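Residue-level structural notes
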Amino acid sequence: MLKNSDYNQQRIDPARHIRKIFLEESCRDLAYTREILDRARDIEVEIIGDRTVPDIQAGPYPRSLTKGKQYLLLCKNRGSFFKPCPGTREYCCCDYQVLNIGMNCPMDCVYCILQAYLNNPWISFFVNIEDLLSELDLALAHKNQFWRIGTGEFTDSLALDSLTGLSKVLVAYMRDKKSAVLELKTKSVSVENLKDLDHGGRTIVAWSLNSPAIMAGEELKTASLDQRLQAAVKCAQWGYRLAFHFDPIIYHPGWREGYAETIKKLFDVVPAEKIAWISLGGLRFLPSLRPTALTRFPNSRFFHEEFIMGLDGKCRYFRSLRVELYRHLLYHLRQRAHPATCLYLCMESEEIWQECGFAPGQAGRLPLDLDRAVCDSL
Ligand code: SF4
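So, here's what we can say about the structure. Position labels on residues start from 1 in each chain and follow its written sequence. At least 70 in pLDDT is required for a residue's local features to be given in this predicted model, at least 80 for side-chain atom pairs to be given and counted, and no such filter applies to totals for whole chains, interfaces and linings, which use all residues.

Observations regarding the sheet that holds strand E1 (residues 20–24)
For the record, the criterion: In this description, strands pair whenever DSSP reports at least two bridges between them. By the criteria applied, helices consist of DSSP H or I runs no shorter than four residues and strands consist of E runs no shorter than two, each listed in order from the N terminus.
Spatially, E2-E1-E3-E8-E6 is the arrangement adopted by the 5 strands of the open sheet, whose pairing is mixed. Each edge of the sheet is formed by a strand with only one pairing partner; in this case those strands are strand E2 (44–48) and strand E6 (102–103). Relative to E2, E1 is paired through 5 bridges, and the arrangement is parallel. Bridge assignment links Phe22 to a residue of E2, and that residue is Glu46.

Shown next, in the form of structure tokens:
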């Protein structure tokens, strides 16, 4: 049985958790694959046929997820790399675009929605990046559209970066794109590849934050709050704009003090004027996540609260509790945030926005406000 405390001593480069790499035959001669294998000299590599299931002998799903996070499959993405974020019409959406660089990650958050989405336990990373860049070329050729693009939807943007070096490729690609910005979202401190890059202000480095208790107990193998904030300071010194996401906000004993402490530390350490946006999102999850997560993490308590079914088919807290959580965090954020930083709610209705002190119409203007938060500083 897993105990959260077993992991929390090991807050290191998440890529160091990879024990073995499986490599699809057709990808072995790609220049990018060879670069990755050069960096992974200490890791065993097995070449397997295309579309072959890696044999990781991990037992039945979902318990196999724990072991699966030590195995990395380098393969081709045979679908699309670039898609709109799957928002729901009933909630205010930020018009984000997802760049799909892989699936799953070596860190292990109790609430990770991927446990319910994925049907295999290993980590996949796509090495056909020429195809990825061609697809981006096509999308960005559209006139009169500004794109906010993120790689952190189905994986963590930087958790494997010391192995893959993908951030260098993407930051260089984005540098002179006038119609887009890239957001790299992480819970790691794997930012060394971002140093000394000519990023042209087109990459934003973002961290998910939570209360100290949630970060320590429910986000296994991730960097601590202090480590994340120190990494953010480094990125600010290298000229990057920053973003932070309080998502998922979790109701737990001491939540008021915990979130207030995180927000205080954030603004004590990080220059407020460098922060482009800060989002807030209450815990929400597909019903199938709860039994999966509780099988893997039986000591976690937060799934035992009461939830309602949202219009997106996901469980979420009652409206009154969500508003109480958001108001509390916003109270502390509004005291210290820079006026140019865009504060916003993720996947909530116009009414909830207004109950939380936002002006009428502000929720509907979210995509424009986010675009402005980056464009005005370029
Ligand atoms: S860091 Fe993100 S992708 Fe990785 S386990 Fe946590 S929630 Fe899932």
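Don't stop here, the text continues.
Looking at the packing of helix H10 (residues 255–269) against helix H12 (residues 319–336)
The following threshold applies: Here the axes come from fitting lines to C-alpha atoms, over the contacting stretch only for helices, and the angles between their N-to-C directions go from 0 to 180 degrees. Throughout this description, any angle smaller than 35 degrees is read as roughly parallel, any larger than 145 degrees as roughly antiparallel, any in the 65 to 115 degree range as roughly perpendicular, and the remainder as oblique. By definition, turning the near helix anticlockwise from the far helix through less than a right angle yields a left-handed crossing, and turning it clockwise yields a right-handed one. By the convention adopted here, residues make contact when the C-beta atoms placed from their backbones lie within 7 Å. In the scheme used here, Gly and all other residues not listed as nonpolar or charged are polar, with Ala, Val, Leu, Ile, Met, Phe, Trp, Tyr, Cys and Pro taken as nonpolar and Asp, Glu, Lys and Arg as charged.
It is the contact of H10 with H12, at a shortest axis distance of 10 Å, that shows an interaxial angle of 20°. On the basis of their axis angle, the class for H10 and H12 is roughly parallel. Crossing angle aside, the handedness with which H10 passes H12 is right-handed. In contact with Arg256, Tyr259, Ala260, Ile263 and Phe267 of H10, H12 contributes His328, Leu329, His332, Leu333 and Arg336. Considered class by class, the residues forming the contact of H10 with H12 number 6 nonpolar, 2 polar and 2 charged.

Description of the sheet that holds strand E15 (residues 284–285)
Taken together, 3 strands build an open sheet; the order of strands is E15-E17-E16 and the sheet is antiparallel. At either margin of the open sheet sits one strand with a lone partner, and together these are E15 and strand E16 (308–309). Strand direction decides the pairing type here: E16 and strand E17 (residues 315–316), joined by 2 bridges, are antiparallel. Bridge pairing in E17 links Ile308 to Arg316.

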